[in-house]
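# Structure assessment
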Amino acid sequence: MTPRQIEFRIKRIKRELMKLGPMRPGALSMQYAACQKSGCACMDPVKPKKHGPFYQLSYSHLGKSTTRFVRPNYAGPIKKELATYKRFRELTQEWVTQELALSQLRLDLARRKDDEK
Ligand SMILES: [Zn+2]
(Lines give C-alpha, C1' and ligand atoms only; values in the text may rest on other atoms or scores of the structure.)
Protein backbone atom coordinates (compact mmCIF):
# COMPACT_ATOMS: atom_id res chain seq x y z
CA MET A 1 0.00 0.00 0.00
CA THR A 2 1.19 3.47 -0.82
CA PRO A 3 0.51 6.51 1.39
CA ARG A 4 -1.83 7.70 -1.35
CA GLN A 5 -3.92 4.52 -1.21
CA ILE A 6 -4.18 4.73 2.55
CA GLU A 7 -5.16 8.39 2.39
CA PHE A 8 -7.88 7.45 -0.07
CA ARG A 9 -9.22 4.82 2.33
CA ILE A 10 -9.24 7.31 5.19
CA LYS A 11 -11.16 9.77 3.06
CA ARG A 12 -13.79 7.10 2.37
CA ILE A 13 -14.09 6.28 6.09
CA LYS A 14 -14.59 9.95 6.97
CA ARG A 15 -17.21 10.31 4.28
CA GLU A 16 -19.16 7.33 5.62
CA LEU A 17 -18.89 8.65 9.18
CA MET A 18 -20.43 11.94 8.12
CA LYS A 19 -23.47 10.09 6.79
CA LEU A 20 -24.28 8.24 10.01
CA GLY A 21 -27.64 9.05 11.57
CA PRO A 22 -28.82 8.88 15.19
CA MET A 23 -26.94 6.38 17.33
CA ARG A 24 -26.45 5.15 20.84
CA PRO A 25 -24.26 2.55 22.49
CA GLY A 26 -25.63 -0.50 24.20
CA ALA A 27 -27.55 -3.72 23.77
CA LEU A 28 -31.24 -4.48 23.75
CA SER A 29 -32.58 -7.63 25.37
CA MET A 30 -36.06 -9.07 25.64
CA GLN A 31 -37.39 -10.15 28.99
CA TYR A 32 -40.48 -11.88 30.34
CA ALA A 33 -41.50 -11.43 33.94
CA ALA A 34 -43.93 -12.67 36.57
CA CYS A 35 -45.84 -10.00 38.53
CA GLN A 36 -46.02 -12.24 41.61
CA LYS A 37 -49.76 -11.62 42.13
CA SER A 38 -51.47 -14.82 43.15
CA GLY A 39 -54.09 -15.96 40.66
CA CYS A 40 -52.43 -14.20 37.74
CA ALA A 41 -51.72 -16.31 34.66
CA CYS A 42 -48.00 -15.61 35.11
CA MET A 43 -48.05 -17.50 38.43
CA ASP A 44 -49.69 -20.66 37.05
CA PRO A 45 -47.65 -23.54 38.51
CA VAL A 46 -48.17 -25.75 35.45
CA LYS A 47 -48.07 -23.41 32.46
CA PRO A 48 -47.14 -19.91 33.58
CA LYS A 49 -47.85 -17.21 31.02
CA LYS A 50 -45.38 -14.50 31.89
CA HIS A 51 -45.83 -10.82 31.10
CA GLY A 52 -43.93 -9.23 28.30
CA PRO A 53 -41.93 -8.98 26.28
CA PHE A 54 -40.18 -6.11 27.99
CA TYR A 55 -37.28 -4.56 26.20
CA GLN A 56 -34.32 -3.80 28.36
CA LEU A 57 -31.62 -1.48 27.14
CA SER A 58 -28.18 -1.69 28.74
CA TYR A 59 -25.30 0.59 27.98
CA SER A 60 -22.29 2.15 29.54
CA HIS A 61 -20.97 5.61 28.89
CA LEU A 62 -18.13 7.51 30.58
CA GLY A 63 -17.60 4.54 32.84
CA LYS A 64 -21.18 4.43 34.07
CA SER A 65 -23.46 1.47 33.33
CA THR A 66 -27.18 2.00 32.93
CA THR A 67 -30.11 -0.30 32.29
CA ARG A 68 -33.58 0.89 31.45
CA PHE A 69 -36.81 -0.41 30.02
CA VAL A 70 -37.90 0.59 26.56
CA ARG A 71 -41.47 0.57 25.27
CA PRO A 72 -42.03 -2.10 22.59
CA ASN A 73 -42.84 0.49 19.92
CA TYR A 74 -39.41 2.09 20.47
CA ALA A 75 -37.54 -1.20 20.10
CA GLY A 76 -37.30 -0.79 16.32
CA PRO A 77 -35.78 2.70 16.29
CA ILE A 78 -33.48 1.82 19.18
CA LYS A 79 -32.20 -1.24 17.33
CA LYS A 80 -31.37 1.01 14.40
CA GLU A 81 -29.48 3.44 16.65
CA LEU A 82 -27.54 0.57 18.22
CA ALA A 83 -26.59 -0.73 14.76
CA THR A 84 -25.47 2.76 13.72
CA TYR A 85 -23.27 3.04 16.81
CA LYS A 86 -21.72 -0.33 15.98
CA ARG A 87 -20.88 0.94 12.52
CA PHE A 88 -19.48 4.14 14.04
CA ARG A 89 -17.15 2.08 16.21
CA GLU A 90 -16.06 -0.09 13.28
CA LEU A 91 -15.32 2.94 11.16
CA THR A 92 -13.37 4.84 13.83
CA GLN A 93 -11.37 1.70 14.62
CA GLU A 94 -10.59 1.25 10.93
CA TRP A 95 -9.66 4.93 10.72
CA VAL A 96 -7.11 4.53 13.52
CA THR A 97 -5.78 1.35 11.91
CA GLN A 98 -5.24 3.19 8.64
CA GLU A 99 -3.67 6.22 10.36
CA LEU A 100 -1.24 3.93 12.16
CA ALA A 101 -0.32 2.24 8.90
CA LEU A 102 0.13 5.61 7.22
CA SER A 103 2.28 7.00 10.00
CA GLN A 104 4.44 3.88 10.05
CA LEU A 105 4.80 3.93 6.30
CA ARG A 106 5.98 7.55 6.41
CA LEU A 107 8.54 6.69 9.07
CA ASP A 108 9.78 3.74 7.01
CA LEU A 109 10.01 5.83 3.84
CA ALA A 110 11.96 8.57 5.65
CA ARG A 111 14.36 6.00 7.11
CA ARG A 112 14.90 4.44 3.69
CA LYS A 113 15.66 7.87 2.24
CA ASP A 114 18.20 8.55 5.00
CA ASP A 115 19.85 5.17 4.43
CA GLU A 116 20.31 5.95 0.75
CA LYS A 117 22.39 9.03 1.54
ZN1 LIG B 1 -48.89 -11.58 36.43
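Just above, that's the structure.
This section reports on the structure supplied with the text. Owing to the predicted nature of the structure, the values given are computational and were not obtained by experimental measurement. (Residues numbered from 1 in each chain as written. Predicted model: local features only at pLDDT ≥ 70, side-chain atom pairs only at ≥ 80, totals over all residues.)

### Digging into unusual backbone geometry
Omega for the bond connecting Gly52 with Pro53 falls within 30 degrees of zero, at 5°, which places this linkage in the cis form. Within the secondary structure, Pro53 is located in strand S2 (residues 51–61). Phi at Gln36 takes a positive value of approximately 75°, unusual for a residue other than glycine. Take Gln36: it is sitting in the loop between strand S1 (27–33) and S2. One non-glycine residue, Leu62, lies in the positive phi region at around 50°. Relative to the helices and strands, Leu62 resides in the loop between S2 and strand S3 (64–70). Given 4 C-beta atoms within 10 Å, Leu62 falls into the exposed group. (Helix = DSSP H or I, 4+ residues; strand = E, 2+ residues; numbered from the N terminus. Buried ≥ 20, exposed ≤ 12 C-beta atoms within 10 Å, placed from the backbone.)

### Points about the packing of helix H1 (residues 3–18) against helix H2 (residues 72–116)
Two quantities define a packed helix pair, namely the angle between the helix axes and the distance between the axes. Taken N-terminus to C-terminus, the directions of H1 and H2 make an angle of 160°; their axes are 10 Å apart at the nearest point. By the angle class used here, H1 and H2 are roughly antiparallel. Taken as a pair, H1 and H2 cross one another with a handedness that is left-handed. The residues of H2 that touch H1, namely those facing Pro3, Ile6, Glu7, Arg9, Ile10, Ile13, Glu16 and Leu17, are Phe88, Leu91, Glu94, Trp95, Gln98, Glu99, Ala101, Leu102, Leu105 and Arg106. Here the residues of the contact of H1 with H2 are counted per class, giving 11 nonpolar, 1 polar and 6 charged. (Axes fitted to C-alpha atoms, helices over the stretch in contact; angles between N-to-C directions. Parallel < 35°, antiparallel > 145°, perpendicular 65-115°, else oblique. Left-handed = near helix turned anticlockwise from the far one by under 90°. Contact = placed C-beta atoms within 7 Å. Nonpolar A, V, L, I, M, F, W, Y, C, P; charged D, E, K, R; others polar.)

### Things to note about the sheet that holds S1
Strand order in the open sheet formed by 3 strands is S1-S2-S3, with antiparallel pairing between adjacent strands. At either end of the open sheet lies a strand with only one pairing partner, and these are S1 and S3. Going from strand to strand, the sheet's axes swing by 30° on average, the running direction of each strand aside. Direction of pairing for S2 relative to S3: antiparallel, over a ladder of 7 bridges. When the sheet's bridge partners are listed, His61 is paired in S3 with Lys64. Its contacts with the sheet place H2 against S1, S2 and S3, and it is angled at close to 155° to S1. (Pairing = 2+ DSSP bridges.)

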